[in-house]
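# Fold and geometry: a report
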Amino acid sequence: TIIYDFSGNLIADAYFIDDDYNSETGFSHGIDYILMDDDENGVYDSRIYWKGNDRYEEYDIEQDGRFDVLLIDYEDNGKYDVSERI
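Attention in this report is confined to the structure presented alongside it. (Residues numbered from 1 in each chain as written. Predicted model: local features only at pLDDT ≥ 70, side-chain atom pairs only at ≥ 80, totals over all residues. Heavy atoms only, no water.)

## Observations concerning the nonpolar core
Our working definition: Residues belong to one nonpolar core when they are buried, are Ala, Val, Leu, Ile, Met, Phe, Trp, Tyr or Cys, and are joined through side-chain atoms within 4.5 Å. A 1.4 Å probe rolled over the protein chains alone gives each residue an accessible area, and that area as a share of the maximum for its type sets the label: buried under 20%, exposed over 50%, partly exposed in between. Helical segments are the DSSP runs of H or I of at least four residues, strand segments are the runs of E of at least two, and each set is numbered from the N terminus. The contact criterion used throughout is that any non-hydrogen atoms of two residues lie within 4.5 Å.
Counting 7 residues, the largest nonpolar core is built from Ala 14, Phe 16, Ile 31, Ile 34, Met 36, Ile 48 and Trp 50. Looking at this core, the elements that each hand over two or more residues are strand E2 (14-17), strand E3 (33-36) and strand E4 (46-51). Those residues within four positions of Met 36 in sequence are excluded, and the remaining contacts are Phe 6, Asp 13, Ala 14, Tyr 44, Asp 45, Ser 46 and Ile 48.

## As for the pattern of salt bridges
Side chains that differ in charge, positive against negative, can pair when their charged atoms come close. Stated formally: The salt bridge definition used is simple: a Lys or Arg side-chain nitrogen within 4 Å of an Asp or Glu carboxyl oxygen.
Applying the stated rule across the entire model yields 3 salt bridges. A salt bridge links Arg 55 to Glu 57, with the shortest nitrogen-to-oxygen separation between them at 2.7 Å. Using a relative accessible area of 3% as the deciding quantity, one classes Glu 57 as buried.

## A short note on a nonpolar patch on the surface
Where we set the bar: Candidates for patches are residues over 30% relative accessible area with no salt bridge; among them, like charges are joined within 9 Å and nonpolar side chains (Val, Leu, Ile, Met, Phe, Trp, Tyr) within 5 Å. Areas reported as accessible are Shrake-Rupley estimates using a 1.4 Å probe. Residue values count occlusion only from the protein chains shown.
Where nonpolar side chains cluster on the molecular surface, the patch consists of Ile 2, Tyr 4 and Phe 6 and spans about 300 Å² of accessible area. Mapped onto the secondary structure, Tyr 4 falls in strand E1 (residues 2-4).

## Digging into the environment of Phe 6
Its location among the elements puts Phe 6 in the loop between E1 and E2. Look at Phe 6 and you get exposed, because its relative accessible area is 55%. Expressed as a C-alpha distance, the spacing of Phe 6 and Asp 38, which sit 32 residues apart in the sequence, is 9.2 Å. Not counting residues up to four positions away in its chain, the partners in contact with Phe 6 are Asp 13, Ala 14, Phe 16 and Met 36.

## As for unusual backbone geometry
You will see that Leu 10, though not glycine, has its phi angle at about 70°, which is positive. Tracing the sequence through the fold places Leu 10 in the loop between E1 and E2. Overall, Leu 10 belongs to the exposed group, its relative accessible area being 80%. Of note, the phi angle at Glu 40 is positive, near 55°, even though the residue is not glycine. Its location among the elements puts Glu 40 in the loop between E3 and E4. Overall, the relative accessible area of 21% leaves Glu 40 in the partly exposed class.

## Regarding the packing of aromatic side chains
Rules: Aromatic contacts are taken between Phe, Tyr and Trp rings whose centres are within 6.5 Å, Trp giving its six-membered ring; a plane angle under 30 degrees counts as stacked, one over 60 as edge-to-face, and the others as tilted.
Considering all chains together, one arrives at 4 aromatic pairs under this definition. The interplanar angle of 65° and the centroid separation of 4.8 Å between the aromatic rings of Tyr 4 and Phe 16 together place this pair among those described as edge-to-face. With Tyr 4 in strand E1 and Phe 16 in strand E2, this residue pair connects regions lying 12 residues apart in the sequence. For Phe 16, a relative accessible area of 18% corresponds to the buried category. For the ring pair Tyr 15 and Tyr 44, a centre distance of 5.7 Å and an interplane angle of 80° mean the geometry is edge-to-face.

Printed below as a string of structure tokens:
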């Protein structure tokens, strides 16, 4: 796990997690998923992960600890192909 503080206030904003310790899987040097806490309240706002070349993003818009929205970017080209409430 790599912890980032993008805002510089000594509170973690992002957690880059390598669950399988395999640098050949996941994204960039084996990162399997990313948890983001943009408002730094201890509840993850989003989870980003990859399946093959496809990027998945889940968002917790209600801040209740459950992800509510799923976005899928096939081919990880910067354009969302699927957007749905889960």
